[in-house]
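# Structural description and commentary
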Amino acid sequence: MTAAAPSAVKVAGRTTSRAGRSGSVAWMALPALAIFVLFGVVPLAGVLLLSFTQWDGLGAIHTAGFSNWRSVLSDPALPHSLFVTFEIMILSWAVQTPLSLLLGVFLAGRQRYRALLAVLYFVPLLLSSAAIAITYKALLDPNFGLGAGLHLDFLAQDWLGKGNLALGVVIFVVSWQFIPFHSLIYQGGARQIPHTMYEAAAIDGAGRVRQFFSITVPQLKYTIITSSTLMVVGSLTFFDLIFVLTAGGPGDATRVLALDMYKRGFQANLMGPASVIAVLLVLIGLALALLLRRLGGSTTASQQEGA
């Protein structure tokens, strides 16, 4: 019993020392916290307050109470915009995730030609969304676009004039632009998987397909959660590409919440209702991020798995 006391004191001293070190470096997070509060919390609080007012963007601001919330939540256009937003979110995730995973695992190889391909695949991410939208809008023009120039009838159709086709074009362009980014994430995750696991599986007779589904995919579970979170939350902010490519049309076929917010705020000069939609976007994004985090589990488990 007497021999255990010094050990306990030593452990307590070690704990106190670690707590002291953590406290001594906590001030280093203050600049990041100040920037987050200044550019994140304060604007969000301002938008929340603005949602309870009437303002045209130029004149005086008048208190409106909950009238903006009632008008927006009872507007039949809101459920449609919400449905289109989730439709693009789910379909683009379903396209991007498997392709990004396969490309990322392929590019994780050490061959030089794969490094060259990784650079080429990354090019679309360097282009602006507006430039990409203008390019695809010109290529898909039924009269002067790619189909008319190559005399291909299946390409020479009104891609942006029909609701289902326009939605498919938006999903295709979004996936084309952002698959390189998520491939880069999966590439980094695949390179962290110990090679000995594949060697052991090969000794047991597992082929490449079996190794992919039994080793690669389980080991990339938390990478998939991270990538999916970025896809899902990022899809809520799609505006510039859709605005230039389809302007929400034809009709309201591609009118997402972010575009609905722009039309209300900067075209109809209704900053109050537009602020309501902005707050809804933040709440939806926060809820989805927390849900995916809950599905993914703790990051500690991820670190132990990759160790």
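Calculation notes
Residues numbered from 1 in each chain as written. Predicted model: local features only at pLDDT ≥ 70, side-chain atom pairs only at ≥ 80, totals over all residues. Heavy atoms only, no water. Helix = DSSP H or I, 4+ residues; strand = E, 2+ residues; numbered from the N terminus. Buried < 20%, exposed > 50% of the residue type's maximum accessible area, 1.4 Å probe, protein only. Contact = heavy atoms within 4.5 Å. Areas by Shrake-Rupley, 256 points an atom, 1.4 Å probe, with all protein chains shown as cover. pLDDT = per-residue confidence, 0-100. Phe/Tyr/Trp six-rings, centres within 6.5 Å; stacked < 30°, edge-to-face > 60°. Polar contact = N/O pair within 3.5 Å; in protein donor to acceptor, adjacent residues only side chain to side chain. Arc of directions from axis to C-beta. Axes fitted to C-alpha atoms, helices over the stretch in contact; angles between N-to-C directions. Parallel < 35°, antiparallel > 145°, perpendicular 65-115°, else oblique. Left-handed = near helix turned anticlockwise from the far one by under 90°. Nonpolar A, V, L, I, M, F, W, Y, C, P; charged D, E, K, R; others polar. Patch = residues over 30% accessible without salt bridge, like charges linked within 9 Å, V, L, I, M, F, W, Y side chains within 5 Å. Salt bridge = Lys/Arg side-chain N within 4 Å of Asp/Glu carboxyl O. Core = buried A, V, L, I, M, F, W, Y, C linked by side-chain atoms within 4.5 Å.

This paragraph deals with the overall build of the protein. The number of helices and strands found in the protein is 16 helices and 2 strands. Counting all 307 residues of the protein, 34% fall into the buried class. Summarising the internal contacts of the protein: among those between residues at least 6 apart in sequence, 67% fall at separations of at least 24. Here the protein has roughly 18,200 Å² of accessible surface; of this, 70% comes from carbon and sulfur atoms.

This brings us to the confidence of the model for the protein. For the protein, per-residue confidence averages 86 on the pLDDT scale, and residues scoring 70 or more make up 89% of the total. Ignoring residues within four places in sequence, the model shows residues 1-13, a span with pLDDT below 50, making 0 contacts including any to other chains.

Taken as a whole, this structure holds 10 aromatic pairs when the rule is applied. Considering the side-chain rings of Tyr136 and Trp176, the 5.6 Å spacing of their centres and the 75° angle between planes classify their relative orientation as edge-to-face. Linking Tyr136 in helix H7 (residues 129-139) with Trp176 in helix H9 (residues 163-191), this pair joins segments that are 40 residues apart in sequence. Residue class for Tyr136 comes out buried when judged on its relative accessible area of 13%. Relative to Phe266, the ring of Tyr262 has its centre 5.6 Å away and its plane inclined at 25°; by these criteria the two rings are stacked. With Tyr262 and Phe266 both in helix H14 (residues 257-267) and 4 residues apart, the pair spans about one turn of that helix. A relative accessible area of 23% means that Tyr262 is categorised as partly exposed. In this structure Phe266 comes out as exposed when scored by relative accessible area, which is 58%. Members of the aromatic cluster, joined through ring pairs, are Phe239, Phe243, Tyr262 and Phe266.

Structurally, the position occupied by Arg264 is in helix H14. At a separation of 2.7 Å, a polar atom in the side chain of Arg264 contacts the side chain of Asp75. Apart from residues lying up to four places away in sequence, Arg264 is in contact with Val72, Asp75, Ala77, Asn269, Leu270, Pro273, Ala274 and Ile277.

Residues Ser129, Ile132, Ala133 and Tyr136 constitute the buried set of H7. Down the axis of H7, the sector holding all buried residues measures 100°, keeping them to one side.

Here the focus is the packing of H7 against H9. Two elements in contact, H7 and H9, have axes separated by 11 Å at closest approach and are oriented at 130°. Classified by the interaxial angle, the pair formed by H7 and H9 is oblique. Regarding H7 and H9, the two cross each other, and that crossing is right-handed. Only Phe172, Val173, Trp176 and Gln177 of H9 make contact with H7, whose side of the interface consists of Ser129, Ile132 and Tyr136. The class makeup of the residues in the contact of H7 with H9 is 5 nonpolar, 2 polar and no charged.

Take a nonpolar patch on the surface next. Together, Val25, Trp27, Met28, Leu30, Leu33, Phe36, Val37, Val41 and Val42 make up an exposed nonpolar region whose accessible area comes to about 890 Å². For the nonpolar patch, the leading source of residues is helix H2 (residues 30-50), giving 6 residues. Of note, Val41 is situated in helix H2.

For the rest of this paragraph, the subject is unusual backbone geometry. At the junction of Gly249 and Pro250, the peptide bond is cis and its omega measures out at -5° in the coordinates. One can find Pro250 in the loop between helix H13 (240-245) and H14. Positioned with a positive phi, Ala247 is a non-glycine residue whose angle comes to about 55°. Secondary-structure assignment places Ala247 in the loop between H13 and H14. By relative accessible area, which is 37% here, Ala247 ends up partly exposed. Its identity is not glycine, yet Asn269 carries a phi of approximately 55°, on the positive side. Its relative accessible area of 40% is what places Asn269 among the partly exposed residues.

With that settled, consider the pattern of salt bridges. Under the defined criterion, the tally for this structure stands at 4 salt bridges. Across the pair Arg264 and Asp75 runs a salt bridge, and its minimum N-O distance is 2.7 Å. On the criterion of sequence distance, the pair formed by Arg264 in helix H14 and Asp75 in the loop between helix H3 (67-73) and helix H4 (77-107) is long-range, its members being 189 residues apart. Asp75 sits in the partly exposed class, given a relative accessible area of 22%. Asp252 serves as the salt-bridge partner of Arg255, at 3.9 Å between the closest nitrogen and oxygen. Connected through shared salt-bridge partners, Asp75, Asp252, Arg255, Asp260 and Arg264 make up one network.

Let us now look at the nonpolar core. With 20 residues, the main nonpolar core has Ile88, Val173, Ile242, Leu245 and Val256 as its most contacted residues. Only H4, H7, H9, H13 and H14 provide two or more residues apiece to this core. Residues in contact with Val173, not counting those within four places in the same chain, are Ile132, Tyr136, Leu241 and Leu245. Within the second largest apolar cluster, 15 residues are counted, among which are Ile277, Val279, Leu280 and Ile284.

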